[in-house]
Amino acid sequence: RRCAEVAQASACDLYWIGGGVRDLWLGREELDIDLVVEGELAEFAPRLATAFGSELRTHPKFLTAELSAPGGFRVDVAQVRAESYAAPAALPSVVPGTLHSDLARRDFTINAIALSLNRASRGLMIDPTNGASDLERKELRAISNYSLYDDPVRMLRLIRLKARMSFGIDERTQQQFRN
């Protein structure tokens, strides 16, 4: 609620996104707080850090910031963005984007679900890749045909998620992994 209040005061829209939303769906108790903001991160992140009495570390090249508050409370914040890769395993080129481009740049469908934290739409689930269905089927599915090619570290994440969650891997993602 406090994050949403800061976003509203900063004239931004705010969404909880990624693994924390996935884990909430699965009923897990420890939840990551990864937020994306439609608006200026450079304005929002310092205000959020002040609201929580947090240290702020920014990464302007990637449009991200990390807040660390006393007691271990940690929040990752990013501006909605799009990315492209010049070559496999290269760092991505990041530019401001939309909520949908941000969801499309993620690794697996189960990590590409967002919950609105905005007053008018609080709790609205945005799931353009049908990750909720994959959660119900207990299946890991790469977002695109290039997910593992563009960022090979995602192969390690796939193995970790499979082991941690006991999910299956869809055929297309298995083929990407083998390739």
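Residues numbered from 1 in each chain as written. Predicted model: local features only at pLDDT ≥ 70, side-chain atom pairs only at ≥ 80, totals over all residues. Heavy atoms only, no water.

## Focus: the overall build of the protein
Turning to step 1, where the next piece is worked out: From N to C terminus, the protein includes eight helices and eleven strands.
Turning to step 2, where the next piece is worked out: In terms of overall size, the protein behaves like a compact globule, its C-alpha atoms giving a radius of gyration of 16 Å where 179 residues would be expected to give roughly 16 Å.
Turning to step 3, where the next piece is worked out: With the C-alpha coordinates aligned to their principal axes, the bounding extent of the protein is approximately 45 × 35 × 30 Å.
Turning to step 4, where the next piece is worked out: The buried share of the protein, taken over its 179 residues, is 45%.
Turning to step 5, where the next piece is worked out: Restricting the contact set of the protein to residue pairs at least 6 apart, pairs at least 24 apart contribute 56%.
Turning to step 6, where the next piece is worked out: In the structure as shown, the protein presents an accessible area of about 9500 Å², 53% of it carried by carbon and sulfur atoms.
Turning to step 7, where the next piece is worked out: Of the charged side chains in the protein, 23 are positive and 24 negative; the average position of the first set lies 2 Å away from that of the second. (Helix = DSSP H or I, 4+ residues; strand = E, 2+ residues; numbered from the N terminus. Rg over C-alpha atoms; globule rule 2.2 N^0.38 Å. Buried < 20%, exposed > 50% of the residue type's maximum accessible area, 1.4 Å probe, protein only. Contact = heavy atoms within 4.5 Å. Areas by Shrake-Rupley, 256 points an atom, 1.4 Å probe, with all protein chains shown as cover. Lys, Arg positive; Asp, Glu negative; His and termini not counted. Charge placed at Lys NZ, Arg CZ, Asp CG, Glu CD.)

## Some details on the sheet that holds strand S8 (residues 114–116)
Turning to step 1, where the next piece is worked out: What the seven strands build is an open sheet, ordered S3-S4-S5-S2-S1-S8-S9; its pairing is mixed. Where the open sheet ends on each side, the last strands, each with one partner, are strand S3 (55–59) and strand S9 (125–126).
Turning to step 2, where the next piece is worked out: Inspection of the sheet shows strand S1 (residues 13–17) paired to strand S2 (residues 34–38) by four bridges, in the antiparallel sense. Paired with Trp16 across the strands is Leu35, a residue of S2.
Turning to step 3, where the next piece is worked out: Its contacts with the sheet place helix H3 (residues 41–52) against S1, S2, S3, strand S4 (64–68) and strand S5 (74–79), and it is angled at close to 5° to S4. (Pairing = 2+ DSSP bridges. Axes fitted to C-alpha atoms, helices over the stretch in contact; angles between N-to-C directions.)

## Points about the pairing of S5
The side chains of a regular strand alternate, first on one face of the sheet and then on the other.
Turning to step 1, where the next piece is worked out: Sheet topology note: the S2/S5 ladder contains four bridges and is parallel. Each residue of the ladder has a partner; that of Val36, found in S5, is Ala78.
Turning to step 2, where the next piece is worked out: As defined by bridge partners, S4 adjoins S5 across five bridges and the pair is classed as antiparallel. For Ala65, the partnering residue across the bridge sits in S5 and is Val77.

## Some remarks on the packing of aromatic side chains
Ring pairs (aromatic) are described by centroid distance and by the angle formed between their planes.
Turning to step 1, where the next piece is worked out: One pass over the full model with this rule turns up two aromatic pairs.
Turning to step 2, where the next piece is worked out: An angle of 40° between the planes, with centres 5.4 Å apart, marks the rings of Phe52 and Phe73 as tilted. Within this pair, whereas Phe52 is found in helix H3, its partner Phe73 is found in the loop between S4 and S5, the two being separated by 21 residues in sequence.
Turning to step 3, where the next piece is worked out: When the centroid spacing of 6.4 Å and the interplanar angle of 65° are considered together, the rings of Tyr146 and Tyr149 count as edge-to-face. (Phe/Tyr/Trp six-rings, centres within 6.5 Å; stacked < 30°, edge-to-face > 60°.)

## Let's talk about the nonpolar core
Turning to step 1, where the next piece is worked out: Judged by nonpolar contacts, the single largest core of 31 residues is most densely connected at Phe44 and Leu48.
Turning to step 2, where the next piece is worked out: Listed by contribution, the elements that provide at least two residues to this core are helix H1 (2–9), S1, S2, H3, S4, S5 and helix H7 (153–165).
Turning to step 3, where the next piece is worked out: It is H3 that provides the largest number of residues to this core, a total of five residues.
Turning to step 4, where the next piece is worked out: When neighbours within four sequence positions are excluded, Phe44 is seen to be in contact with Cys3, Val6, Ala7, Ser10, Cys12, Leu14, Val37 and Val77.
Turning to step 5, where the next piece is worked out: With eleven residues, the next largest nonpolar core counts Ala78, Ala112, Ile126 and Ile143 among its residues. (Core = buried A, V, L, I, M, F, W, Y, C linked by side-chain atoms within 4.5 Å.)

## Brief notes about the state of the cysteines
Turning to step 1, where the next piece is worked out: All told, the structure shown has zero disulfides when counted by the stated rule.
Turning to step 2, where the next piece is worked out: Cysteine Cys3 is unpaired, with the sulfur of Cys12 as its nearest cysteine sulfur at 12 Å.
Turning to step 3, where the next piece is worked out: Its relative accessible area of 11% is what places Cys3 among the buried residues. (Disulfide = S-S within 2.5 Å.)

## Details of the side chain of Ser116
Turning to step 1, where the next piece is worked out: Structurally, the position occupied by Ser116 is in strand S8.
Turning to step 2, where the next piece is worked out: In terms of polar contacts, Ser116 uses its side chain to reach the side chain of Ser121, at 2.6 Å.
Turning to step 3, where the next piece is worked out: In this view, Ser116 contacts Leu14, Tyr15, Ser121, Arg122, Gly123, Leu124 and Ile126; residues no more than four positions away in its chain are not counted. (Polar contact = N/O pair within 3.5 Å; in protein donor to acceptor, adjacent residues only side chain to side chain.)

## Description of the environment of Phe73
Turning to step 1, where the next piece is worked out: Relative accessible area serves as the criterion here: at 35%, Phe73 is assigned to the partly exposed category.
Turning to step 2, where the next piece is worked out: Spatially, the C-alpha atom of Phe73 lies 9.2 Å from that of Ile33, the residues being 40 residues apart in sequence.
Turning to step 3, where the next piece is worked out: Sequence-distant contacts of Phe73, that is, excluding residues within four places in its chain, are made with Phe52, Leu67 and Ser68.

All we've got here are geometric facts, nothing functional implied.
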